Amino acid sequence: MSNVDPSPDEVDCRASRFTGVLQAREVPLGGPRAMLVRRTLPAAQRSMIGAWCFADHYGPHDVRSSAGMDVPPHPHTGLQTVSWLFQGEIEHRDSAGVHAMVRPGELNLMTAGAGICHSEVSTPAASVLHGVQLWVALPDSARDTGRDFAHHVPEATTVDGATLRVFLGDIAGSRSPVHTFTPLLGAQIDIDPRATVNLDVDPAFEHGVLLDAGDIEVAGTALQRADLAYQSPGWDRLEIVNRSDAPARLILLGGPPFGEALLMWWNFVGRSHDEIVAYRQAWQDGADRFGAVTGYQGPVPRLPAPSMPGTRLKPRVR
């Protein structure tokens, strides 16, 4: 998914001392009839959780009577995109030649590396669109890797009071085979009514709990829908309580604190102002760095990059 903000802020992605709950802000995904998404990462209080550097939560969105998702070809560098749906279907096309469908409970992970472009369009099979779009920053040693794509359907694993679908990393005896360039955890957790779930977690990881539906507490703190709770490293257990008589659903993210300072602007993850300028110019020039998407039929052939700000991009002190 693209960050379609016409005036994107630069984001200095590094560790911070914030602990607590990040509240989502609504962002339009496109033009005046655009679908709204709820964004929690990056935020002023916290830019990353492990290598997770971007988190959008959207839906349930009725696409029969309103605009669905139609994101024209757009570029990425230095990251992996993680698509995960609860409802609906999205058609993915990228410049590595991949044409795939994103469906509920199925992981689609695209590696941008040195450069890729892709499009995302909800299909007529989707009457409701509901899910999350996540980005993972690549470490310096891997950020110029080649384009790649992985698809994985995790099996459901039950623990006391919950069902887990682990799409990246491992927890509760369930492990994903999908390769990542830093240690990561990504899982959907469905919690039974009035259940308390205690998960053994890696104390070297920081963790985030993104609430999709339900009335839950994380480590004693109540969450509203689309909130992202943060637990710092040093804890070997994560407690989640469903306070209602209905099931709850959430996304669990984790990873060790990312040790490199990043500069993220629009759809690019880089290390300096000059790198971002070069990425943008390459995209505007149609350079081979990003390749081309074939088969996309939308209102515009590709998303133009926003204008660069009038000053040099630089890390912002948190």
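Preceding block: the structure.
Bear in mind that the values here come from a model prediction, so they are computed numbers and not experimental data.

### Considering the overall build of the protein chain
A tally of regular secondary structure across the protein chain gives one helix and 27 strands. Compactness check: the protein chain gives a C-alpha radius of gyration of 19 Å against a globular reference of 20 Å for 318 residues, within 12% of the reference. In terms of its C-alpha atoms, the protein chain occupies a principal-axis envelope of roughly 55 × 45 × 35 Å. Within the span of the protein chain, comprising 318 residues, buried residues form 56% of the whole. Within the protein chain, counting contacts between residues at least 6 apart in sequence, those at least 24 apart form 74% of the total. Total accessible area on the protein chain stands at roughly 13,100 Å², and carbon and sulfur atoms take up 48% of it. Measuring between centres, the 27 positive side-chain charges of the protein chain sit 5 Å from its 36 negative side-chain charges.

### Describing the packing of aromatic side chains
Enumeration according to the criterion identifies seven aromatic pairs in this entry. Their ring planes at 15° and their centres at 3.9 Å tell us that Phe54 and Trp135 sit as a pair that is stacked. Remark: Trp135 occurs in strand E12 (residues 128–137) and Phe54 occurs in strand E5 (residues 52–62); sequence separation between them is 81 residues. Residue Trp135 is classed as buried on the basis of its relative accessible area, which comes to 0%. Taken together, the ring pairs connect Trp265, Trp266, Phe268, Tyr279, Trp283 and Phe290 into an aromatic cluster. Sitting over the ring of Tyr230, Arg46 keeps its end group 3.9 Å from the ring centre. Geometry around Phe86 places Arg249 over its ring, the cationic atom sitting 4.2 Å from the centre.

Each value, and the rule that gives it
Residues numbered from 1 in each chain as written. Predicted model: local features only at pLDDT ≥ 70, side-chain atom pairs only at ≥ 80, totals over all residues. Heavy atoms only, no water. Helix = DSSP H or I, 4+ residues; strand = E, 2+ residues; numbered from the N terminus. Rg over C-alpha atoms; globule rule 2.2 N^0.38 Å. Buried < 20%, exposed > 50% of the residue type's maximum accessible area, 1.4 Å probe, protein only. Contact = heavy atoms within 4.5 Å. Areas by Shrake-Rupley, 256 points an atom, 1.4 Å probe, with all protein chains shown as cover. Lys, Arg positive; Asp, Glu negative; His and termini not counted. Charge placed at Lys NZ, Arg CZ, Asp CG, Glu CD. Phe/Tyr/Trp six-rings, centres within 6.5 Å; stacked < 30°, edge-to-face > 60°. Lys NZ or Arg CZ within 6 Å of the ring centre and 35° of its normal.

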